[in-house]
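Structural features, examined
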Amino acid sequence: MSAVVVEAGAVEGSYLTDGVTLRSWLLTTDHKRIALLYLGSITLFFFVGGTAAALIRYNLITPQGMIASAETYNRLFTVHGVVMVWFFLIPAVPVTLGNFIVPLMLGARDLAFPKLNLASWYLFVVAGVVVLCSLFAGGADTGWTFYTPLSSSYARGHVVLTVVGIFIAGFSSIATGLNFIVTIHRLRAPGMTWYRMPVFLWSLYATSVILVLATPVLAMTLLLLGFERIFGIGVFDPALGGDPLLFQHLFWFYSHPAVYVMILPGFGVISEIIPAFSRKRIFGYKFIVWCSVAIAVISFLVWGHHMFVAGTALYSALVFSILSYMVAVPSAIKVFNWIGTMHKGFILFDAPMLYALGFIGLFTIGGLTGLFLAALGADVHLTQTYFVVAHFHYVMVGGMVSAFFAGLHYWWPKITGRIYPEMWGRAGALIIFIGFNLTFFPQFILGYLGMPRRYHSYPPEFEVLNVLSSAGATILAAGYLLPLAYLTWSLFRGERASANPWRATGLEWMTPSPPPTVNFVSTPVVTEGPYAYPAPEIVQHHG
Amino acid sequence: MADASYLPHEFQYSSARHQAETAIAGMWLFLATEMLFFGALFLSWIYSRHWNQAGFDAGAQQTNLTIGTVNTAILLASSFVYSAGLAFIEIGNKRRLIQCCAVAWMLGFAFLILKFGVEWHGDFHKHLFPGSHFAITGPLSGGAQLFFIFYFVGTALHGLHMIGGLILVGWIILRARRDEFSPGYYTPVAAVGLYWSFVDVVWIVLYPLIYLVGRGP
């Protein structure tokens, strides 16, 4: 244990200038620097997964498939799923924006366990390298779900290597979740009571509960799968009396809550941005925070809806169907609360707000179509079709990726100390919104018409909609490259940001942009709740 | 914990006591994740046994009840001795802490020798590792092989956790010898103690699952 005592007033420069060597970055325990290390890593994986997606859409331009072999196509969508789920969507907001903002929002100087935080990044890197190795060695063709007995007995390719990568990435998730929970409990600034915490913190708390309690189950599941794959004999093998369906139960006990790991942080980001750009107190604060907790709890009880057609008992299917409907309630409450916040607010259409508005629309479509799939009768028709693909891409890409970009633009001035070009930001938000809808709305229709997912060819009557979808994907790709370009440009040429360029509330805006290494020269004292924006009448008159 | 306000601490904490309590909270949460990790194994084990009871029982009857029982006693004794060491450092007796840790370490090591050097060796000798040369044939063979898959996975994972624990207890001994603990600061001793006891808890579930349930009344 080392004694680090920082005298008030002794701080000059920012966390970015406090040590400029490679070593000072790779051995840092500063949560802000680790957030940037993560940001670089997940951006790389986002474009790896995105390239696979582009090749998938390229293949589906013609009914017989543009890529010669179905095997290659199977490996492409497996890479796309594995990389996007475990190396972008699950970590994205918590490890980048969360890592950076959580201590700042709490009024803390760092997370509770900074070394564990750095270790989690190294685990993530090792996991990523292992998965990329398996990718370059030829990948696997099981899909990201690794269902047995396909994955254990029949699949070709590097299943074990891929699974090892995911196994390691899981421990990185656990470390991050554990750090957040302990930090939020133990390192709140004086006066920062639970109900004075911004919604983003509540969302990440709920996310972390899922990360620490669900991820270990995935670890054990993948371990048993790896055993079966290596020794050729295992507990999911029906020849011995084992149950392949047990794998699906265990897998979805993790993976359905993990879906909420992907979306809950997005809810948190949106809950910060909507009040800031409506210049208004958030509507129904307690409802929103308890809905986050409710979603985390109910998310553990809905996994069975992935197995409606897999031969589970009708009674259990009914129960899981009803529970799946229930999880929609707190999600819908949040949407109403965001709209209630904007109602009679002084709405500013800056880039973060445009992304946030896109999020609300796309997430609502994704959420409502989820109810179709939670309904037993409709699911029998729609399961394993493009309707499912469109549904979860509306939530994951339309929702979560939009929220990630919203948060990235919102906190970019804080993180980098630079302002990005506003017009390009707005253009990016608009292009992504249009490209996204053009890509995925046709897939709802394709699914409804019965086009199954995960095939590299399809009947000619589906061609027009598939070409539309692929055309949309090119617009979407351009939309994602745009922020990469102008955000990078702003790092070097952007205007310097003030401490609070959005005139938003929250402790993170009370310290300079970029913050000093210690975050706060003197520990702030919190005296009021979050989102203390003036009454709408006052805002109307003074802007 | 005794007053530790004079002790150094990391800059995000208000006091050394604040930091110590946070470290213990972190360890508890880590053990919760471990609980879910082994929980998934136990659930799969019990679920599979439910459908293959006769096969699981046939497998369980081949296990070495004597070594299992002796090992249970060794493990519990080890944790008891370690806890005594914790009590000694609370009153500042560093020498007794080191002695207790050393005894706890040796007991843990004895467990590993018995488990892997003797028991696993015998299991392999009796062809109890699942596969084409499996000892039990006939209709109960499948269930018995399932049992031994769980047996080997469960004991291997528990053994890995034991090895991790031995490294940690050794680390405590080294730090105690360097005189780093006092009645005001012994957080690592307490945190490792929690982990060492958790390894017992896992074994307390594994012991009946392996040795007792299949033998029946």
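Residues numbered from 1 in each chain as written. Chains lettered and ligands numbered in written order. Predicted model: local features only at pLDDT ≥ 70, side-chain atom pairs only at ≥ 80, totals over all residues.

1. Here we look at the overall build of chain A
Quick note on the threshold: By definition, any uninterrupted DSSP run of H or I lasting at least four residues is a helix, any uninterrupted run of E lasting at least two residues is a strand, and each is numbered from the N terminus. Between the two quantities, the radius of gyration covers C-alpha atoms and the globule rule is 2.2 Å times the number of residues to the power 0.38. Counting other C-beta atoms within 10 Å of a residue's own tells you its class, since 20 or more makes it buried, 12 or fewer makes it exposed, and anything in between is partly exposed; those C-beta atoms are placed from the backbone. Note on contacts: each residue gets a C-beta atom placed from the backbone, and two residues are in contact if those atoms are within 7 Å.
Along its length, chain A carries 17 helices and two strands. Here the C-alpha radius of gyration of chain A, 23 Å, is about what a compact globule of 543 residues would show, namely 24 Å. For chain A, the spread of C-alpha atoms along the three principal axes comes to 70 × 55 × 45 Å. Classification of the 543 residues of chain A by burial places 56% in the buried group. Taking the contacts inside chain A whose residues are at least 6 apart along the sequence as the reference set, 85% of them involve residues at least 24 apart.

2. Points about the overall build of chain B
On a plain count of helices and strands, chain B comes out with six helices and zero strands. Ordered by position from N to C terminus, the α and β elements of chain B give α-α-α-α-α-α. Principal-axis analysis of the C-alpha atoms gives chain B an extent of 70 × 30 × 30 Å. Burial statistics for chain B: of 217 residues in total, 39% are counted as buried. Sequence-distant contacts in chain B: of pairs separated by 6 or more residues, those separated by 24 or more amount to 73%.

3. Describing the nonpolar core
The nonpolar side chains of soluble globular proteins are, as a tendency, buried together. Residues and elements named next belong to chain A. Quick note on the threshold: Here, a nonpolar core means buried Ala, Val, Leu, Ile, Met, Phe, Trp, Tyr and Cys residues linked by C-beta atoms lying within 7 Å of one another.
Ranked by internal contacts, the top residues of the largest apolar core, which has 224 residues, are V83, L201, I270, I273, M400 and A406. Counting residues per element, this core draws most heavily on helix 8 (residues 199-231), which supplies 21 residues. Beyond its immediate stretch of four places on either side in the chain, L201 contacts V102, M105, L106 and I184.

4. Structural notes on unusual backbone geometry
Note: most peptide bonds trans; most residues except glycine with negative phi. Residue and element names in this part refer to chain A. Cis geometry marks the peptide bond from T148 to P149; its omega dihedral reads 0 degrees. Assignment of secondary structure puts P149 in the loop between helix 5 (114-136) and helix 6 (150-154). The phi dihedral of K344 is positive, around 60 degrees, even though this residue is not glycine. Residue position: K344 is located in the loop between helix 11 (314-342) and helix 12 (351-374). K344 sits in the exposed class, given 12 other C-beta atoms within 10 Å.

5. Some details on the confidence of the model for chain A
This is how the line gets drawn: Per-residue confidence from the predictor is reported as pLDDT, a score between 0 and 100.
Here chain A averages 94 in pLDDT, and 97% of its residues register 70 or above. Across residues 1-11 of chain A, where pLDDT falls below 50, the model places 17 contacts with residues more than four positions away in sequence or in other chains.

6. Considerations on the packing of helix 15 (residues 422-449) of chain A against helix 16 (residues 463-493) of chain A
All names here are of chain A. The condition that has to hold: In this description, a line fitted to the C-alpha atoms serves as the axis of each element, helices being fitted only across the stretch in contact, and the angle between N-to-C directions of two axes falls anywhere from 0 to 180 degrees. Working rule for angles: under 35 degrees goes down as roughly parallel, over 145 as roughly antiparallel, 65 to 115 as roughly perpendicular, anything else as oblique. Helix crossings are classified by the rotation of the near helix relative to the far one: an anticlockwise turn of less than a right angle makes the crossing left-handed, while a clockwise turn makes it right-handed. Any residue that is not Ala, Val, Leu, Ile, Met, Phe, Trp, Tyr, Cys, Pro, Asp, Glu, Lys or Arg is counted as polar, Gly included; the first ten are nonpolar and the last four charged.
Remark: helix 15 packs on helix 16, axes separated minimally by 8 Å, with the N-to-C direction vectors making an angle of 155 degrees. In terms of their interaxial angle, helix 15 and helix 16 are classed as roughly antiparallel. Relative to helix 16, the crossing made by helix 15 is left-handed. Along the lines of polarity and charge, the residues of the contact of helix 15 with helix 16 split into 21 nonpolar, seven polar and no charged.

7. Examining the interface of chain A and chain B
Between chain A and chain B, the residue contacts involve 39 residues of the former and 32 residues of the latter. Contributing elements (two or more residues each) for the side of chain A that touches chain B: helix 7 (159-186), helix 8 and helix 9 (244-278) of chain A. Looking at the side of chain A that touches chain B, the element that brings in the most residues is helix 8 of chain A, giving ten residues. For the side of chain A that touches chain B, a count of residues per class yields 29 nonpolar, six polar and four charged.

8. What to know about the environment of A:Y533
With respect to the helices and strands, A:Y533 occurs in the loop between strand 2 (495-496) and helix 17 (536-542). Between the C-alpha atom of A:Y533 and that of A:P275, which follows or precedes it by 258 residues, the distance is 8.1 Å.

9. As for the packing of helix 3 (residues 65-90) of chain B against helix 6 (residues 187-212) of chain B
Residue and element names in this part refer to chain B. For the pair helix 3 and helix 6, the least separation of the axes is 10 Å and the interaxial angle reads 165 degrees. As summarised for this structure, helix 3 and helix 6 are arranged roughly antiparallel, according to the angle between their axes. For the pair helix 3 and helix 6, the sense of crossing is left-handed. Across the interface between the two elements, L65, G68, T72, L75, L76, S79, Y82, S83, L86 and I89 from helix 3 touch V189, A190, G193, W196, S197, D200, W203, Y207, I210 and Y211 from helix 6. Each residue belonging to the contact of helix 3 with helix 6 can be placed in one class, and the counts come to 13 nonpolar, six polar and one charged.

10. Points about helix 2 (residues 53-60) of chain B
All names here are of chain B. To keep things clear, this is the line we draw: Note that the arc is defined by the directions from the helix axis to the C-beta atoms.
Within helix 2 the residues assigned to the buried category are G55, F56, G59 and A60. Buried residues of helix 2, seen end-on, are gathered within an arc of 135 degrees and therefore sit on one face of the element. Residues of helix 2 that are buried in the fold lie against helix 1 (16-51), helix 5 (141-177) and helix 6.

11. A word on the environment of A:I419
When you line up the elements, A:I419 lands in strand 1 (residues 418-419). In this structure, A:I419 is in contact with A:P413, A:S490, A:G494, A:E495, A:A497 and A:P501, ignoring residues within four places of it in sequence.

12. Description of the environment of A:S292
All names here are of chain A. Topologically, S292 is positioned in helix 10 (residues 285-299). When the 28 C-beta atoms within 10 Å are taken as the criterion, S292 is described as buried. Spatially, the C-alpha atom of S292 lies 9.0 Å from that of L204, the residues being 88 residues apart in sequence. Residue contacts for S292: discarding those within four places in its chain leaves W202, S203, A206, L264 and F267.

13. Details of the confidence of the model for chain B
Detailed conclusions should not be drawn from predicted coordinates in areas where pLDDT is low. Per-chain confidence: chain B averages 94 in pLDDT, with 97% of residues scoring 70 or above. At the level of chain-chain contacts, confidence expressed as ipTM amounts to 0.94, with global pTM at 0.94.

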